[in-house]
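Spelled out from the first residue to the last, the chains are:
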Amino acid sequence: MLTAFARAFKTPDLRRKLLFTVGIVAVFRLGSTLPTPGVDYTQINACISAAGTSNSVFGLINLFSGGALLQLSVFALGIMPYITASIIVQLLGVVIPRFETLRKEGHSGQAKLTQYTRYLTIGLAVLQSTGIIALARAHRLIPGCTRDVIFNRIGVWGIIVMVVIMTGGTTLIMWLAELITDRGIGNGMSILIFTSIAAGFPSSLWAIKLAKGWPVFLMVIAVGLALVALVVFIEQGQRRIPVQYAKRMVGRRMYGGTSTYIPLKVNMAGVIPVIFASSLLYIPTLAASLGTPTSAWVIWVENNFTLGDHPLYMALYFGLIIFFTYFYVAITFNPDEVSEDMKKYGGFVPGIRPGRPTAEYLGYVLSRITLPGSLYLGLIALIPLVALTLLNASPNFPFGGTAILIVVGVGLETVKQIESQLQQRNYEGFLR
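Residues numbered from 1 in each chain as written. Predicted model: local features only at pLDDT ≥ 70, side-chain atom pairs only at ≥ 80, totals over all residues. Heavy atoms only, no water.

Caption draft 1: Spatial organisation of the overall build of the chain. Secondary structure assignment for the chain yields 17 helices and five strands. Counting all 432 residues of the chain, 43% fall into the buried class. Counting contacts in the chain only where the partners sit at least 6 residues apart, residues at least 24 apart contribute 71% of the total. A total accessible area of about 21,900 Å² is found for the chain, and carbon and sulfur atoms account for 65% of it. (Helix = DSSP H or I, 4+ residues; strand = E, 2+ residues; numbered from the N terminus. Buried < 20%, exposed > 50% of the residue type's maximum accessible area, 1.4 Å probe, protein only. Contact = heavy atoms within 4.5 Å. Areas by Shrake-Rupley, 256 points an atom, 1.4 Å probe, with all protein chains shown as cover.)

Caption draft 2: Structural detail: the environment of Q238. Mapped onto the secondary structure, Q238 falls in strand β1 (residues 238-245). Look at Q238 and you get partly exposed, because its relative accessible area is 33%. Sequence separation between Q238 and P263 is 25 residues, and the spatial gap between their C-alpha atoms is 6.0 Å. Excluding anything up to four places from it in sequence, Q238 contacts Y261, P263, L264, K265 and V266. Reaching out from Q238, the side chain makes a polar contact with the side chain of R240 at a distance of 2.9 Å. (Polar contact = N/O pair within 3.5 Å; in protein donor to acceptor, adjacent residues only side chain to side chain.)

Caption draft 3: How the structure looks around the pattern of salt bridges. Throughout the structure, instances matching the rule amount to four salt bridges. For the salt bridge of D13 with R16, the shortest nitrogen-to-oxygen distance reads 3.0 Å. Residue D13 and its partner R16 are both found in helix α2 (residues 12-33); the two are separated by three residues, about one turn of the helix. Taking the relative accessible area as the measure of exposure, D13 reaches 25% and is therefore partly exposed. (Salt bridge = Lys/Arg side-chain N within 4 Å of Asp/Glu carboxyl O.)

Shown next as structure tokens:
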């Protein structure tokens, strides 16, 4: 693999793309550490050092921003508003016929959907930045922090400037991601998410070493490597449905007669169910942070939902991941549509009649293969919570949950893209 990377850098076109991607990543990390005007950087660092991020209501957003959220930096919102907007637009395609029509129009329709996603991202960024600044001024962004992390002299116009800068930071991140997709290597959004999560790995691992010593640290490294191997194995697993295309005469030429397959991945939903479940379970904690601290329901939520180590929270988390896995797979893969497309072009599954029987067969296989995929997602997502209970670690435990799924998934896709470009240039690639 190292030889292949060396050959990639020897290829002028690939070297330019790799260096361009690294440069954009450097700009992204710089913006993640640059404080927003009006933020008292000394006070906010003191609060983070004293309280940590273990009880943060915005743990998922903080993870995706590489720790930039709790520092109220220019890129505090990270890529999360765009992810949320993308999911909303994708879900709206199921209930709004106009969106479904645009999706089927090809490149022009996809361009319009992308534009809608950008507008929605800006709107969500305005709402989220306003809420985060309001929580910071009310001393509720970082649990236990009573310091003034935003200067008192900041007035209404100062708050508006902060909102505009944070929203502009999210817009800039969208642009940087599109630059990586167009001129660099890999998917831009995925690369930036990968960078944000990977940036927190060294500090998280070193915190475990300082708290628990070398034996636990080495054990965590060993478990992490085993989990990476497991995730790679499952993510690459798929059920291939054979498809045969009948020969047909068009004019004076013969078409068809080929064999192919439909790949049904074990984990077709990716990391989306984990994000959905995490976001839904953040709602009670967010509501409690806005309520009266002495209220009975606020105390109950803080005891059962804040840390994530309660059995009730774990059971709900696991159940929601399974539900959202089936839900997301159902809206992204339509057996009836696939069956009709196959029938239209003369394709059929050997031993299965075209049309409705093929759709029922695909639905049957999909439902069976989604079960182990959902259980796998649920177990991987529970690893940080188990680590929290056993090691008293942070919920942003580096080897588990959303972090490891995204890091491994993005790493695999990026390596495949470099591999394919090496093979196009008659190089051997990663595998001899």
